[in-house]
Amino acid sequence: VDSKDTSLYVTFLGSDFVAEGKKAGEWVTNEYKDAKEQVSIVQLEGTTGSAPAIDRATGFADVIKANPNLKVVASQTGDFTRAGGKQVMEAMLKSQPKIDLVYAHNDDMGLGAIEAIEAAGKVPGKDIKIVTVDAVHDGMVALTEGKINFIVECSPLLGAQLIDVIKKLNAGEKVEARIVTNEGTFTQEQAKEALPNRKY
């Protein structure tokens, strides 16, 4: 529910999907900061019209526009599914003469893209770099294996923050109207350290 009437709620606790897209864009921008030629990016979008899909695309675009060499050459929905990511990636590999990087709005689509890239005889993470959002267990495994290059976390584990908010409200304290879930990012090395403790 999106309401401009702030009297209807005390606070909103949840992910900032635009910020997630920006984090992905910042890694890509840094990774290709010395690029002299066009870096061709394909984007696997989440479900059409969903807030995560819209916001993750927006945040990513806002950041990479600073580097004119970074260009999204194709963007299509994979509906946040592994099968959808594979199907869309298969089509993009046939239609795009050059793909340097895949930006997937979630790990599952990225994992589907890996299957398509491998089936095409290319090496995911090397021939085509991959950036995803979520940091679920399977995505983190692929990151440690070098098949994914970078993951932006979208964590469902907001219980501790929620309890903290409730305690403050019960104590009569004020809380921010917008509280962003504690979320990080993972490189391949960071994923190796974190993976043993990731069960979801």
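Once a new chain begins, its residue numbering starts again from 1 and follows that chain's sequence as written. Selection of residues for local features in this predicted model requires a pLDDT of at least 70, selection of side-chain atom pairs for listing and counting requires 80 or more, and totals for whole chains, interfaces and linings are taken over all residues. Only heavy atoms go into the side-chain values, all of them from the structure, while hydrogens and water stay out.

Before going further, it helps to examine the side chain of lysine 129. Each helix is a run of DSSP H or I of at least 4 residues and each strand a run of E of at least 2, with the numbering of both proceeding from the N terminus. As for its position among the elements, lysine 129 is in strand β5 (residues 129-134). Each polar contact in these results corresponds to two N or O atoms within 3.5 Å; when the atoms are within protein, one needs to be able to donate a hydrogen and the other to accept it, and residues that are neighboring in sequence are counted only if both atoms are side-chain atoms. Of note is the side chain of lysine 129, whose polar atom sits 2.5 Å from the side chain of glutamate 31. Note on contacts: a residue pair qualifies if any of its non-hydrogen atoms lie within 4.5 Å across the two residues. Apart from residues no more than four positions distant in its own chain, lysine 129 is found in contact with Trp27, Glu31, Tyr32, Asp100, Leu101, Val102 and Asn149.

This brings us to the pattern of salt bridges. We define a salt bridge as a side-chain nitrogen of Lys or Arg found within 4 Å of a carboxyl oxygen belonging to Asp or Glu. Scanning the entire structure with this criterion turns up nine salt bridges. Where lysine 86 meets glutamate 115, a salt bridge forms, and the shortest distance between an N and an O atom there is 3.6 Å. Of this pair, lysine 86 sits in helix α3 (residues 82-95) while glutamate 115 sits in helix α4 (residues 107-119), and the two are 29 residues apart along the sequence. A relative accessible area of 29% means that lysine 86 is categorised as partly exposed. Ionic pairing is found between lysine 98 and aspartate 100, a salt bridge with its closest N-O pair at 2.5 Å. Exposure categories follow from relative accessible area, calculated using a 1.4 Å probe and restricted to protein chains: below 20% of the type maximum is buried, above 50% is exposed, and the middle band is partly exposed. With a relative accessible area of 36%, lysine 98 lands in the partly exposed category.

Take the packing of aromatic side chains next. Aromatic pairs are defined between Phe, Tyr and Trp rings, using the six-membered ring for Trp, whenever the two ring centres lie within 6.5 Å; interplanar angles under 30 degrees are classed as stacked, those over 60 as edge-to-face, and all others as tilted. Applying the stated criterion to the full structure yields two aromatic pairs. Here tryptophan 27 and phenylalanine 150 contribute two aromatic rings whose centre-to-centre distance is 5.5 Å and whose plane-to-plane angle is 10 degrees, an arrangement assigned as stacked. Of this pair, tryptophan 27 sits in helix α1 (residues 17-31) while phenylalanine 150 is found in strand β6 (residues 150-153), placing the two residues 123 residues apart along the sequence. We note that tryptophan 27, like phenylalanine 150, is buried. Where phenylalanine 60 meets tyrosine 103, the ring centres are 4.1 Å apart and the plane angle is 20 degrees; that geometry is what we call stacked.

Our focus in this paragraph is the pairing of strand β2 (residues 39-45). With respect to burial, β2 is a largely interior element, six of its seven residues being buried. Following the backbone out of β2, through helix α2 (residues 51-64) and into the adjacent parallel strand β3 (residues 70-77), one traces a crossover that is right-handed. Between any two strands, at least two bridges found by DSSP are needed for them to pair. Both β2 and strand β4 (residues 101-104) contribute to a ladder of four bridges, which runs parallel. Its bridge partner lying in β4, isoleucine 41 is registered against leucine 101. With strands facing away from the observer, any crossover in which the path from the first strand over the helix to the second runs clockwise is taken as right-handed.

On to the pairing of β4. Here β4 shows two buried faces, one formed by Leu101 and Tyr103 and the other by Val102 and Ala104. The sheet contact formed by β4 and β5 spans three bridges and is parallel. Bridged to leucine 101 within β5 is lysine 129. Tracing the backbone out of β4, into α4 and back to the parallel element β5 gives a crossover that is right-handed.

On to the environment of arginine 198, then. Within the element layout of this structure, arginine 198 appears in the segment after α7 (188-194). Arginine 198 has contacts with Ala135, His137, Met140, Glu153 and Phe186, leaving out every residue within four places of it along the chain.

Looking now at the sheet that holds strand β8 (residues 185-186). If you trace the six strands from one edge of the open sheet to the other, you get β3-β2-β4-β5-β6-β8, paired in mixed fashion. Since the sheet does not close on itself, it has two edges, and those belong to β3 and β8, each with one partner. Across the face of the sheet, α4 comes into contact with β2, β4, β5 and β6 while running at roughly 155 degrees to β5. To get an axis, fit a line to the C-alpha atoms, keeping to the stretch in contact for a helix; angles then go from 0 to 180 degrees between the N-to-C directions.

Turning next to the packing of α1 against α2. For any two helices packed against each other, the geometry is given by the interaxial angle and the distance between the axes. One can describe the packing of α1 onto α2 by two numbers: an axis separation of 6 Å at closest approach and a directional angle of 35 degrees. Seen from above, α1 lies across α2 with right-handed handedness. When α1 is examined against α2, the residues Phe17, Val18, Glu20, Gly21, Lys22, Ala24, Gly25, Glu26, Val28 and Thr29 are found in contact with a partner set consisting of Ala51, Pro52, Asp55, Arg56, Gly59, Phe60, Asp62, Val63 and Ile64. Throughout, the ten residues Ala, Val, Leu, Ile, Met, Phe, Trp, Tyr, Cys and Pro are labelled nonpolar, Asp, Glu, Lys and Arg are labelled charged, and all others, Gly among them, are labelled polar. For the contact of α1 with α2, a count of residues per class yields nine nonpolar, four polar and six charged. By definition, any crossing whose near helix is turned counterclockwise from its far helix by less than a right angle is left-handed, and any crossing with a clockwise turn is right-handed.

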